[in-house]
Amino acid sequence: MTAATSIAATVSTNLWLGGRQVRAESGATFPVYDPSSEQIVAHVADATAEDGLKALGLAHRYQSAWAATPARSRAEILRCAFELVCRRADDFAEIITLEMGKTLAESHAEVAYGAEFLRWFSEEAVRLHGRYGTAPGGNGRIVVSKIPVGPVLAITPWNFPLAMGTRKIAPALAAGCTIIVKPAEETPMTMLMLGQVFADAGLPEGVLSILPTSRAAALTAPLINDSRLRKLTFTGSTEVGKVLVGESAHRLLRTSMELGGNAPFVVFDDADIDAAVDGAIAAKMRNGGQACTAANRLHVQRGVIGEFTDKLTTRVAAMIAGPGDSPTTSIGPLINADQREMVAELVDDATARGARIRTGGYRVDGPGYFYAPTVLDQIPRHARLLREEIFGPVAAVVGFDTEEDGIEAANDTEYGLAAYFYTQDLDRALRVADSLHSGMVGVNRGVISDAAAPFGGINQSGFGREGGIEGIGEYLDTKYIAL
């Protein structure tokens, strides 16, 4: 038994139904693959619509009791879960690398980031403030309070299988909501391990269910159509998000959507170029480029584009694609064959239109779904990869002339999740930050995610915020009481 299969054997492959491990109603399972080897590492219980409705029944039945649980008690459970995740960080990192493919160093970084949502919202649970005041007309008092929305369905993606779960579960539990989690088919084991953490932390029965499935729509559609569900939160592609919003519209279901991105990374001619290259590597190549916040387009002012591209190419050419558990690996595999083909298709389209490959630009021989870390320049404006989310280790460098040109190019997208830029001019920093059409902006930083900050976008990148003091508000309703 290898180290990878050994850690997989420690994770329950059953459903978590209301805090208890049970088999799927049908008894069926589906395989989970290691994208580095293309080998099956486990068979996980395949939840059905019947399992989903059972979970919703439990969530509805226990909602009132969980909402009435003192905030301090909810906070202490979340704090205990934080400590348990930290204590089991090595196990979580190994599972993340096994089923998602990222390097162990990146998996450890995700564990630390994901755990922080548990700690942050344990602290926010006891700070659900309302307000009290006298009506302006002098005819009474105004009391405003915050109450839990009610049972939640959370649909999480495969690229950050722990953090995307804790970013939804923690504020829901802190607010007093019961929750059902549907993890991605590709990476269910991390979330199943988290289910054990919450059981060990003392989360009461009925509050949390985790339902992996190979038939997502068959599981979620009956839940979205059920009047007992009061909140839907989704992280994933814009296309799927639009479908879910449409399905939820007839019930006016409370929704929050963290969707796709097309993040610009702008380098002005007064930037510290070495720092900008460091930032570009972090913003583009972290997680193998498989992040909605990944820099998709690198816009570089023409006075420094040669120096920047040369230094970036040198750094990227030195990166080694390989299994995430290898100490020599710089970048892991893509999640599956379809994702690798999508990346290859975008690169092939760009080169067919005249783009130049500075390094990479090819599939790496398997087993495993590897694509060579790549830098392209001389990219024509109509290349698809300037419009579509790459979601892979491909850096597309394009030039611009003036500050106004750089801002216009950065904003030339229907998305609006993240944007990055580098400058040493304070006035420019403030001016450009205000001008970028994006929910999040990194100034001289290639990594911007923080549990204490509101994460989310505008336009086709969705709506709602996760993290920060804003994150818990997505799970609360406002009640006005006239006295």
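First things first, this report covers the structure right here in the doc. (Residues numbered from 1 in each chain as written. Predicted model: local features only at pLDDT ≥ 70, side-chain atom pairs only at ≥ 80, totals over all residues. Heavy atoms only, no water.)

**Some words on the overall build of the chain**
Then, in step 1: From N to C terminus, the chain includes 15 helices and 20 strands.
Then, in step 2: On C-alpha atoms alone, the chain measures out to a radius of gyration of 23 Å, which is about the 23 Å that the 2.2 N^0.38 rule sets for 483 residues.
Then, in step 3: Of the contacts made within the chain by residues no fewer than 6 positions apart, 73% connect residues no fewer than 24 positions apart.
Then, in step 4: As presented, the chain carries roughly 18,800 Å² of accessible surface, and 51% of it is formed by carbon and sulfur atoms.
Then, in step 5: Distance between charge centroids for the chain: 7 Å, based on 44 positive and 57 negative side chains. (Helix = DSSP H or I, 4+ residues; strand = E, 2+ residues; numbered from the N terminus. Rg over C-alpha atoms; globule rule 2.2 N^0.38 Å. Contact = heavy atoms within 4.5 Å. Areas by Shrake-Rupley, 256 points an atom, 1.4 Å probe, with all protein chains shown as cover. Lys, Arg positive; Asp, Glu negative; His and termini not counted. Charge placed at Lys NZ, Arg CZ, Asp CG, Glu CD.)

**Observations regarding the packing of aromatic side chains**
Then, in step 1: According to the stated counting rule, one finds six aromatic pairs in the structure shown.
Then, in step 2: When the centroid spacing of 5.7 Å and the interplanar angle of 85 degrees are considered together, the rings of Phe 268 and Phe 400 count as edge-to-face. Here Phe 268, found in the loop between β12 (263–267) and α10 (273–285), pairs with Phe 400, found in strand β16 (residues 394–400); they are 132 residues apart in sequence, far enough to count as distant.
Then, in step 3: Relative accessible area serves as the criterion here: at 0%, Phe 268 is assigned to the buried category.
Then, in step 4: Taking relative accessible area as the criterion, Phe 400 reaches 3% and is therefore assigned buried.
Then, in step 5: Arranged with centres 6.2 Å apart and planes meeting at 80 degrees, the rings of Phe 268 and Phe 421 form a pair that is edge-to-face. Linking Phe 268 in the loop between β12 and α10 with Phe 421 in strand β17 (residues 418–422), this pair joins segments that are 153 residues apart in sequence. For the pair Phe 268 and Phe 421, one class covers both residues: buried.
Then, in step 6: Cation over ring: Arg 167 sits above Phe 455, and NZ or CZ is 4.0 Å from the ring centre. (Phe/Tyr/Trp six-rings, centres within 6.5 Å; stacked < 30°, edge-to-face > 60°. Buried < 20%, exposed > 50% of the residue type's maximum accessible area, 1.4 Å probe, protein only. Lys NZ or Arg CZ within 6 Å of the ring centre and 35° of its normal.)

**A look at a negative patch on the surface**
Then, in step 1: On the surface, Asp 90, Asp 91, Glu 94 and Asp 325 cluster together into a negatively charged patch.
Then, in step 2: With respect to the element layout, Asp 91 can be found in helix α4 (residues 89–100). (Patch = residues over 30% accessible without salt bridge, like charges linked within 9 Å, V, L, I, M, F, W, Y side chains within 5 Å. Salt bridge = Lys/Arg side-chain N within 4 Å of Asp/Glu carboxyl O.)

**Looking at the sheet that holds β17**
Then, in step 1: With mixed pairing, seven strands are arranged side by side in an open sheet as β14-β15-β16-β13-β12-β17-β18. Looking at strand neighbours, the two that pair on one side only are β14 (356–359) and β18 (440–443), the edges of this open sheet. Direction aside, neighbouring strands of the sheet carry axes that sit 25 degrees apart on average.
Then, in step 2: Of the strand pairs in this sheet, β12 and β17 are connected by three bridges, and their pairing is parallel. Within the sheet, the bridge partner assigned to Val 266 lies in β17 and is Phe 421.
Then, in step 3: In this fold helix α12 (residues 337–352) packs onto β14, β15 (374–377) and β16, with an angle of close to 30 degrees to the strand it touches most, β15. (Pairing = 2+ DSSP bridges. Axes fitted to C-alpha atoms, helices over the stretch in contact; angles between N-to-C directions.)

**Overview of the nonpolar core**
Then, in step 1: Core analysis: the largest hydrophobic core is formed by 101 residues, its most contacted members being Phe 198, Phe 308 and Leu 312.
Then, in step 2: Discounting residues that sit within four places of it in the chain, Phe 308 has contacts with Val 267, Ile 273, Ala 276, Val 277, Ala 280, Leu 298 and Val 300.
Then, in step 3: Counting 22 residues, the second largest nonpolar core, distinct from the first, contains Leu 15, Leu 223, Leu 253 and Met 257. (Core = buried A, V, L, I, M, F, W, Y, C linked by side-chain atoms within 4.5 Å.)

**A look at the side chain of Thr 238**
Then, in step 1: Residue placement: Thr 238 occurs in helix α9 (residues 238–249).
Then, in step 2: Setting aside chain neighbours within four positions, we find Thr 238 in contact with Leu 259, Gly 260, Tyr 415 and Gln 460.

**Let's talk about the sheet that holds strand β20 (residues 476–482)**
Then, in step 1: Strands sit in the order β5-β6-β20 across an open sheet of three strands; the sheet is antiparallel. Edge positions in the open sheet fall to β5 (131–134) and β20, since each of these has one partner strand only. On average, each strand axis in the sheet is inclined to that of its neighbour by 20 degrees, with strand direction left out of account.
Then, in step 2: In this structure, β5 lies alongside strand β6 (residues 141–148), joined through four bridges in antiparallel fashion. Among the inter-strand pairings, Thr 134 is bridged to a residue of β6, identified as Arg 141.

**Structural notes on a nonpolar patch on the surface**
Then, in step 1: A contiguous nonpolar patch, built from Tyr 132, Ile 481 and Leu 483 and spanning about 340 Å² of accessible area, is present on the exposed surface.
Then, in step 2: Counting through the fold element by element, Ile 481 comes out in strand β20.
Then, in step 3: The partly exposed category is assigned to Ile 481, whose relative accessible area is 34%.

**Quick word on the packing of α4 against helix α7 (residues 188–201)**
Then, in step 1: It is the contact of α4 with α7, at a shortest axis distance of 8 Å, that shows an interaxial angle of 160 degrees. Judged by the angle between their axes, α4 and α7 are roughly antiparallel. Between α4 and α7, the residues in contact are Asp 91, Phe 92, Ile 95, Ile 96 and Glu 99 and Pro 188, Met 189, Thr 190, Met 193, Leu 194 and Val 197, respectively.
Then, in step 2: Each residue belonging to the contact of α4 with α7 can be placed in one class, and the counts come to eight nonpolar, one polar and two charged. (Parallel < 35°, antiparallel > 145°, perpendicular 65-115°, else oblique. Nonpolar A, V, L, I, M, F, W, Y, C, P; charged D, E, K, R; others polar.)

**Remarks on the pairing of β17**
Then, in step 1: Within β17, five of the five residues are buried, leaving the element largely enclosed by the surrounding structure.
Then, in step 2: Both faces of β17 are covered, namely the face carrying Ala 418, Tyr 420 and Tyr 422 and the face carrying Ala 419 and Phe 421.
Then, in step 3: Considered for its hand, the β-α-β crossover made up of β17, helix α14 (residues 426–435) and β18 is right-handed. (Right-handed = clockwise from strand over helix to strand, strands pointing away.)

**Digging into unusual backbone geometry**
Then, in step 1: The step from Gly 366 to Pro 367 runs through a cis peptide bond, and the omega angle for that step is 10 degrees.
Then, in step 2: Here Pro 367 is to be found in the loop between β14 and β15.
Then, in step 3: Within the chain, Gln 378 stands out as a residue other than glycine whose phi angle is a positive 50 degrees.
Then, in step 4: When you line up the elements, Gln 378 lands in the loop between β15 and β16.

**What about the pattern of salt bridges?**
Then, in step 1: Inspection of the entire model under this criterion finds 29 salt bridges.
Then, in step 2: Across the salt bridge formed by Glu 474 and Lys 231, the nearest N and O atoms sit 3.6 Å from each other. One end of the pair, Glu 474, is in the loop between α15 (468–471) and β20; the other, Lys 231, is in strand β10 (residues 231–235), and 243 residues separate them in sequence.
Then, in step 3: Judged by relative accessible area, which is 0%, Lys 231 ranks as buried.
Then, in step 4: A salt bridge links Arg 387 to Asp 412, with the nearest nitrogen and oxygen atoms 3.1 Å apart. Remark: Asp 412 occurs in the loop between α13 (403–410) and β17 and Arg 387 occurs in the loop between β15 and β16; sequence separation between them is 25 residues.
Then, in step 5: Owing to a relative accessible area of 36%, Asp 412 belongs among the partly exposed residues under this scheme.
Then, in step 6: One network of salt bridges, with partners in common, ties together Asp 269, Asp 270, Glu 403, Arg 428 and Arg 431.

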